[in-house]
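Summary of structural features
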Amino acid sequence: METEHLETLIAAMGAVDHRQVAWADVRWTAYLVHQHLRYEYPGEIADLRQRLMIVPRERHGDQRLVTHKLEVSTPATVEQTQDDSGNVVLDVYAERVEQAIDFTAWIVVERDATAGPIAVTADEWANPGMREPSALTTPDDVLSRAADDLASHGEDGLTLARRINAWVHAQMTYEHGPTGVKTTAAEAFALRRGVCQDYAHIMLALCRRCGLAARYVSGHLLGEGGTHAWVEVLLPGEDGAFVAHPFDPTNETEPGLKYITVAVGRDYRDVAPTCGTFRASYPGRLSCSKRAGVTALEYFSSPA
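Calculation criteria
Residues numbered from 1 in each chain as written. Predicted model: local features only at pLDDT ≥ 70, side-chain atom pairs only at ≥ 80, totals over all residues. Heavy atoms only, no water. Axes fitted to C-alpha atoms, helices over the stretch in contact; angles between N-to-C directions. Helix = DSSP H or I, 4+ residues; strand = E, 2+ residues; numbered from the N terminus. Parallel < 35°, antiparallel > 145°, perpendicular 65-115°, else oblique. Left-handed = near helix turned anticlockwise from the far one by under 90°. Contact = heavy atoms within 4.5 Å. Nonpolar A, V, L, I, M, F, W, Y, C, P; charged D, E, K, R; others polar. Phe/Tyr/Trp six-rings, centres within 6.5 Å; stacked < 30°, edge-to-face > 60°. Buried < 20%, exposed > 50% of the residue type's maximum accessible area, 1.4 Å probe, protein only. Lys NZ or Arg CZ within 6 Å of the ring centre and 35° of its normal. Salt bridge = Lys/Arg side-chain N within 4 Å of Asp/Glu carboxyl O. Lys, Arg positive; Asp, Glu negative; His and termini not counted. Polar contact = N/O pair within 3.5 Å; in protein donor to acceptor, adjacent residues only side chain to side chain. Pairing = 2+ DSSP bridges.

Before going further, it helps to spend a moment on the packing of helix α3 (residues 141-151) against helix α6 (residues 196-209). Running from N to C, α3 and α6 point in directions that differ by 60°, and their axes come no closer than 9 Å. When the axis of α3 is compared with that of α6, the two are oblique. You can see that α3 and α6 cross each other, and the crossing is right-handed. When α3 is examined against α6, the residues L143, S144, A146, A147, D148 and L150 are found in contact with a partner set consisting of I202, A205, L206 and R209. When the residues that make up the contact of α3 with α6 are grouped by side-chain class, the tally is 7 nonpolar, 1 polar and 2 charged.

Next up, the structure:
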């Protein structure tokens, strides 16, 4: 993508205030995500191998990746691949970094509300990783009893998923600080506090205990400064097809056009935006910023 075009899109980010959009009437919309990650070190490091999962999947339901560009401040090689879930993976290798390295990404995506649900293959639906506990979503006795109680109402499928979504939201209080990226669902639930990642892990633990196939979703929610996390429950659809139904227990909602999906997996570890290794006797420090905005949209008809 040409730099001049990127600058035009960045300038257009503030042209549409997402808070003023009549989202129920929107047919099509385009977004620009501008993301910056910076690692700083006390001194020189060697053999940096960084994995970035910040570029959205090529297709995800009604969402399409239009284009993207990554700039690295230090001479480096970048290889783009896909993991087993179809997520875009950027592997960066830098032989030497003096004291800091910056990753700056510009990402353009669009969503078409007429494109239908998030289709899931039979293999994805049957994947044991979507049904069995993962390292961060293994329920303890407390969560197991809660799941059994939720399932005891006799509901199944979408109705049960909605009950779990509402229950997690009611049980938890949103708070930065008490939890981290290594906090498990059981640990976060014991605190009854956490961030979107914890809400998603708890819902995944409950869904899987109740027999619902479910996966972790990383992405962006318009109006939030950081990345966001939610859940997709995989259910049989019509004519033998399978569909992913998104749920956001942090906000007790079913995500719509204000959400941008980046990657899906068993839990946070599968889709961490950034992780890596390097050779040095000291750790690095990460700082990051993100801006996601609407650059264009079309309504089915003029909003009331």
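Still more ground to cover, so stick around.
Following the criterion strictly, the structure yields 6 aromatic pairs and no others. Between Y41 and F278, the aromatic rings sit 5.0 Å apart at their centres with planes inclined by 70°, giving edge-to-face as the arrangement. Of this pair, Y41 sits in the loop between β1 (26-40) and β2 (45-52) while F278 sits in strand β15 (residues 274-279), and the two are 237 residues apart along the sequence. When the centroid spacing of 4.6 Å and the interplanar angle of 20° are considered together, the rings of W125 and F242 count as stacked. Taken as a pair, W125 in helix α2 (residues 122-126) and F242 in strand β13 (residues 242-247) lie far apart in primary sequence, 117 residues in all. The class for W125 is partly exposed, based on a relative accessible area of 25%. For F242, a relative accessible area of 15% translates into the label buried. Through a chain of ring-to-ring contacts, three or more aromatic side chains come together here, namely Y39, Y41 and F278. Sitting over the face of the ring of W125, R131 holds its NZ or CZ atom 4.3 Å from the ring centroid. Across from the ring centre of F189, 3.7 Å away, lies the NZ or CZ of R192, which sits over that ring.

In this section: the pattern of salt bridges. This structure, assessed with the given rule, holds 18 salt bridges. A salt bridge links E124 to R215, with the shortest nitrogen-to-oxygen separation between them at 3.7 Å. Highlighted residues: E124 in helix α2 and R215 in strand β11 (residues 213-221), separated in sequence by 91 residues. Judged by relative accessible area, E124 falls into the partly exposed class, the value being 24%. The buried category is assigned to R215, whose relative accessible area is 4%. Linked by salt bridges that have partners in common, R38, E40, D102 and R285 make up one network.

With respect to the helices and strands, the residue P236 is situated in strand β12 (residues 228-236). As for P236 and A122, which are separated by 114 residues in sequence, their C-alpha atoms are 9.2 Å apart. Among all residues touching P236, those that are not within four sequence positions of it are W125, A241 and F242.

Attention now goes to the side chain of D267. Locating D267 in the fold gives a position in the loop between β14 (259-265) and α7 (268-271). Despite its burial, D267 pairs with no opposite charge; the closest candidate is R269, at 5.5 Å N-O. A polar contact is formed between the side chain of D267 and the backbone nitrogen of L136, at a distance of 3.3 Å. Once residues within four sequence positions are removed from consideration, D267 is found in contact with S134, A135, L136, T137, H201 and Y216.

On to the sheet that holds β13, then. Read from one edge of the open sheet, 5 strands run β8-β13-β12-β11-β14, paired in antiparallel fashion. Unpaired on one side and paired on the other, β8 (118-120) and β14 mark the two borders of the sheet. Adjacent strand axes in the sheet meet at a mean angle of 40°, parallel and antiparallel pairs treated alike. The pairing of β11 with β14 spans 6 bridges and is classified as antiparallel.

Here we come to the sheet that holds β2. Strand order across the open sheet formed by 4 strands is β5-β6-β2-β15, with antiparallel pairing between neighbours. Each of the sheet's edge strands pairs with one partner strand only, and the pair in question is β5 (77-82) and β15. Adjacent strand axes in the sheet meet at a mean angle of 15°, parallel and antiparallel pairs treated alike. Here 7 bridges tie β2 to strand β6 (residues 88-97), and the two strands are oriented antiparallel to one another. Directly across from L48, in β6, lies its bridge partner A94.

Note that every value here comes from positions in space, so none of it alone points to a role or purpose.
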